[in-house]
Amino acid sequence: MGYVDEVLEKVILKNPAEPEFHQAVKEVLESLRPVVEANEEKYRKEAILERLVEPDRQVIFRVPWVDDNGQMQVNRGFRVQFNNAIGPYKGGLRLHPSVNLGIIKFLGFEQVFKNSLTSLPIGGGKGGSDFDPKGKSDREVMAFCQSFMTELYKYIGKDTDVPAGDIGTGAREIGYLFGQYKRITGLYEGVLTGKGLSYGGSLARTEATGYGLLYFTKEMLACNGIDIAGKTVVVSGAGNVATYAIQKAQQMGAKVVTCSDSNGWVYDPDGIDVDALIEIKQVKRARLTEYKNYRPNSEYHEGKGVWTVKCDIALPCATQNELNLDDAKALVANGVIAVAEGANMPTTLEATQYLQANKVLFAPGKASNAGGVATSALEMSQNSERLSWTFDEVDAKLQGIMVNIFHNLDNAAKKYGYEGNYVVGANIAGFEKVVDAMLAQGV
Ligand code: NDP
């Protein structure tokens with residue numbers, strides 16, 4: 001049996017009941033075959049793949065807090081510090097009822113390669129909890145965040161591990177978490193990113209993942225002779241990534257006709273109204289059913305359906321495995337040109353393979369959504385030098401980083417004879433840098 005298959009088998013055996021983690025490892029290791037086979041003896045001796053798939057550390061803890069009725073609640077908290085070969089652990093905190101160890105591990109594993117691709121000095125980690133901020137009062141969210149940080153603070157620090165936002169963790173949650181860290185440790189330091197502008201946050205961090213996704217997509221299209229202007233785009237999600245992806249796509253002259261949340265989706269033939277979306281989701285924290293009140297020409301549908309709408313470009317920006325084989329078939333039948341992932345692993349393996357087999361340009365999230373973490377690293381730099389850069393400065397750096405990521409993975413794919421396969425390119429380019437650092441640092 002080859003080295004890759006051996007390690008895949010061990011991962012499944014040693015980490016039962018973690019399907020998302022298995023899926024992420026399989027996708028990465030399968031695409032690393034050309035590099036691994038070329039270096040099999042050396043990598044085996046160094047147990048490189050075994051070391052890559054085993055996190056440095058996994059912390060699981062109880063998070064007790066009291067709700068508005070005086071009732072004690074208990075959630076489970078996680079921080080997985082995956083790999084710090086190229087810099088301090090860096091990766092978001094996800095707050096969603098679906099969170100479990102396997103989900104956090106898949107996200108942490110992906111983060112290692114993503115962070116490497118940015119060319120910035122950041123390692124990979126991820127964390128979160130099965131707490132659901134939806135429907136909770138601000139006081140309840142604060143009580144949870146304070147309790148969560150009361151345990152988490154022991155494991156993080158500006159030079160060791162710097163968490164950020166993710167699903168369910170926005171500016172409000174980061175604020176409460178930062179306040180509690182400062183209170184316990186007495187340190188005013190850049191231990192979290194995604195902070196508010198009045199206390200060490202970076203301009204353009206809020207927009208960075210969505211904007212970065214579009215900078216990457218535009219470059220990928222341009223290098224394939226396609227102009228993004230005038231294209232029809234479908235987006236899933238209505239959160240941080242989706243909102244700013246829609247905004248930037250519109251600024252680039254494309255027309256975005258859909259968005260969605262976990263209950264349903266909106267079709268707006270005139271193009272999604274971003275201001276309305278921000279008011280509904282960020283200000284009122286309401287559901288997308290409200291969108292029709294702002295745009296009477298739009299349609300609201302319960303359930304899933306974004307991928308059935310005819311489009312040139314599809315941007316999944318909600319959550320993992322939201323675009324399956326049937327969805328990929330519908331997109332191809334409708335003539336889609338490109339799919340670029342804003343979320344982490346939103347496309348199933350079968351769907352990815354189907355899209356690639358049908359010559360759809362496919363951008364994997366670890367490359368195309370890396371703008372968020374890249375800008376988080378820029379926030380760390382600003383905190384270290386105690387300066388704030390302008391929006392345009394950060395945005396220009398973000399554009400440069402995204403264009404650079406595209407060319408890095410495009411070149412890696414070409415080097416190994418997989419031209420146009422950006423999944424292989426991203427995994428190889430991310431892997432080579434991390435492995436180089438691991439080998440240099442010894443066991
Ligand atoms: P948000 O919480 O801001 O938004 C998530 C959106 O996806 C919401 O519209 C939510 O709907 C929807 N959603 C969440 N879970 C599900 C589900 N199980 N089924 C259907 N819809 C769902 O999160 P972000 O925008 O920050 O994150 C979106 C994705 O992007 C995630 O995969 C995240 O890991 C990834 N990502 C985020 C980065 C960032 O900087 N924020 C950076 C890189 C990647 P509802 O409103 O109903 O909850």
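Right, let's walk through the structure included here. (Residues numbered from 1 in each chain as written. Predicted model: local features only at pLDDT ≥ 70, side-chain atom pairs only at ≥ 80, totals over all residues. Heavy atoms only, no water.)

### A short note on the overall build of the protein
- Within the protein one finds 17 helices and 13 strands.
- For the protein, the C-alpha radius of gyration of 21 Å lies close to 22 Å, the compact-globule estimate for 443 residues.
- Based on the C-alpha atoms only, the size of the protein along its principal axes is roughly 60 × 55 × 45 Å.
- Across the 443 residues that make up the protein, the buried fraction comes to 56%. (Helix = DSSP H or I, 4+ residues; strand = E, 2+ residues; numbered from the N terminus. Rg over C-alpha atoms; globule rule 2.2 N^0.38 Å. Buried < 20%, exposed > 50% of the residue type's maximum accessible area, 1.4 Å probe, protein only.)

### Focus: the pairing of strand β5 (residues 161-164)
- The two faces of β5 match: Asp 161 and Pro 163 on one face and Val 162 and Ala 164 on the other face are all buried.
- Here strand β3 (residues 89-95) pairs with β5 via four bridges, running parallel. Bridge pairing links Gly 92 to Ala 164 in β5. (Pairing = 2+ DSSP bridges.)

### A look at a nonpolar patch on the surface
- Taken together, the side chains of Val 66, Met 72 and Val 74 define a hydrophobic patch exposed on the protein surface, amounting to about 270 Å² of accessible area.
- Checked against the element boundaries, Val 66 lands in strand β1 (residues 57-66). (Patch = residues over 30% accessible without salt bridge, like charges linked within 9 Å, V, L, I, M, F, W, Y side chains within 5 Å. Areas by Shrake-Rupley, 256 points an atom, 1.4 Å probe, with all protein chains shown as cover. Salt bridge = Lys/Arg side-chain N within 4 Å of Asp/Glu carboxyl O.)

### Structural notes on the site of the ligand
- In the neighbourhood of the ligand, 26 residues make up the surrounding shell, with Asp 166, Thr 209, Ser 262, Arg 287 and Asn 344 lying closest.
- The contact in question runs from an oxygen atom of the ligand to an N or O atom on the backbone of Gly 168, over 3.1 Å.
- Protein coverage of the free-state accessible area of the ligand, which is 890 Å², stands at 83%.
- Residues belonging to the shell around the ligand are distributed by class as follows: six nonpolar, twelve polar and eight charged.
- For the shell around the ligand, the domains that each give at least three residues are domain 2 (55-187) and domain 3 (206-368). (Near = heavy atom within 4 Å. Polar contact = N/O pair within 3.5 Å; in protein donor to acceptor, adjacent residues only side chain to side chain. Nonpolar A, V, L, I, M, F, W, Y, C, P; charged D, E, K, R; others polar. Domains from an automatic or database assignment.)

Treat this as a map of the structure, not an account of what it does.
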